[in-house]
Amino acid sequence: MNFFKAATMPVPLLEAPAQLWSELVDHLRIQGAGIRESGAFLLGQKTEASRLITHYLPYERLQANALHDDYVSLTAASFAKLWDLCRAEKLSVLADVHTHRLGAGQSRSDRANPMVALVGHIALIVPRFAQGRVQLQDLGMYVYQGNHKWMTYSGADISRLVRLSHNGGAQ
Ligand SMILES: [Zn+2]
């Protein structure tokens, strides 16, 4: 083991197979159809060093009426389903993602109502209802700090904090 490398490599906050990521973005684009928001939970394995996304769970699969023109919302019953599924499949909720009509900034409601109100939970926002070519640096990334406070990342920071891997292995 190379401790020097381990200590100096920037740890990605989120890792995902590139294929899974592009399927997710396609899903959000198609589901929103350019007219409404869409979203998903990103599930996978969490260790102290990394969060590896292995599955995504679209909101409408948890709750048929979750998607609206300008917001997404889930009931307590849908969250109960989510936690049951995670327990059964031994998955963690690593992040959530949803689209916005225009930019990737958080709405007042996004800030006030984290999908998962745990410190370190990550919320991603994809602009323009995920239409067109979506690049990592187009996203907004928000890391929950508790107490309705968030760390905000955008642009080149996102490419540093989200790593897409090819062929199932790290790049
Ligand atoms: Zn929002």
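What you see is a predicted model; the values in this text were computed from it and never measured.

A. Highlighting the side chain of Gln-63. Assignment of secondary structure puts Gln-63 in the loop between helix H3 (59–62) and helix H4 (76–89). Taking the relative accessible area as the measure of exposure, Gln-63 reaches 10% and is therefore buried. Polar side-chain contacts of Gln-63 include one of 2.7 Å to the side chain of Asn-65. In this view, Gln-63 contacts Ser-73, Leu-74, Thr-75 and Ser-78; residues no more than four positions away in its chain are not counted.

B. Focus on the packing of aromatic side chains. Counted by the stated rule, this structure contains four aromatic pairs. Put simply, the rings of Phe-41, Tyr-59, Phe-79 and Trp-83 pair up and form one aromatic cluster.

C. Quick peek at the pattern of salt bridges. Counted by the stated rule, this structure contains four salt bridges. Between Arg-29 and Asp-26 there is a salt bridge whose closest N-O contact spans 2.7 Å. Of the two residues, Arg-29 and Asp-26 both sit in helix H2 (residues 18–32), three residues apart, roughly one turn of that helix. The salt bridge partner of Arg-101 is Asp-70, with a shortest N-O separation of 3.2 Å. Of the two residues, Arg-101 sits in the loop between strand E4 (92–99) and helix H5 (108–112) while Asp-70 sits in the loop between H3 and H4, which places them 31 residues apart along the sequence. For Arg-101, a relative accessible area of 38% translates into the label partly exposed.

D. Quick peek at the coordination of the zinc ion. At this site the zinc ion is bound by His-98 (NE2), His-100 (NE2), Asp-110 (OD) and Asp-110 (OD), with donor distances of 2.0 to 2.6 Å. Coordination geometry of the zinc ion: the four donor atoms subtend angles of 55 to 151° at the metal centre, consistent with an arrangement described as irregular. Donor residues for the zinc ion sit on one chain with the sequence pattern H-x1-H-x9-D. A residue pair is termed long-range when its members are at least 10 positions apart, and His-100 in the loop between E4 and H5 and Asp-110 in helix H5 qualify at ten residues. For His-100, a relative accessible area of 9% translates into the label buried.

E. Just unusual backbone geometry, in detail. One non-glycine residue, Phe-129, adopts positive backbone phi at about 50°. With phi around 60°, Ala-130 is a residue other than glycine that occupies positive phi space. Structurally, the position occupied by Ala-130 is in the loop between strand E5 (122–126) and strand E6 (140–146).

Rules and cut-offs
Within any chain, residue numbers begin from 1 and follow the written order of that chain's sequence. In keeping with the model being predicted, local features are shown solely for residues with a pLDDT of at least 70 and side-chain atom pairs are shown and tallied solely at 80 or more, while totals for entire chains, interfaces and linings include all residues. The side-chain numbers reported here are obtained from all heavy atoms of the structure, hydrogens and water having been left aside. Segments assigned H or I by DSSP are reported as helices when at least four residues long, segments assigned E as strands when at least two residues long, and all are numbered from the N terminus. Throughout this description, buried means an accessible area under 20% of the type-specific maximum (1.4 Å probe, protein chains only), exposed means over 50%, and partly exposed covers the range between. Whenever a nitrogen or oxygen atom comes within 3.5 Å of another N or O atom, the pair is scored as a polar contact, on the condition that within protein one atom can donate a hydrogen and the other can accept it, and that pairs from neighbouring residues in sequence are kept only if both atoms are in side chains. Contact criterion: two residues are considered in contact whenever any of their non-hydrogen atoms come within 4.5 Å of each other. Any pair of Phe, Tyr and Trp rings, taking the six-membered ring for Trp, is counted once the centres come within 6.5 Å. Such a pair is stacked with planes under 30 degrees apart, edge-to-face with planes over 60 apart, and tilted for the rest. A carboxyl oxygen of Asp or Glu within 4 Å of a side-chain nitrogen of Lys or Arg is what we treat as a salt bridge. Metal-coordinating donors are taken as N, O and S atoms lying within 2.8 Å of the metal, or within 3.2 Å when the metal is Na, K or Ca; because water is left out, some sites can appear incomplete. When four donors show all angles between 85 and 135 degrees the site is tetrahedral, when four or six donors have opposite pairs over 155 degrees and all other angles between 65 and 115 it is square planar or octahedral respectively, and in every other case it is irregular.

Keep in mind these numbers describe shape, not what the thing actually does.
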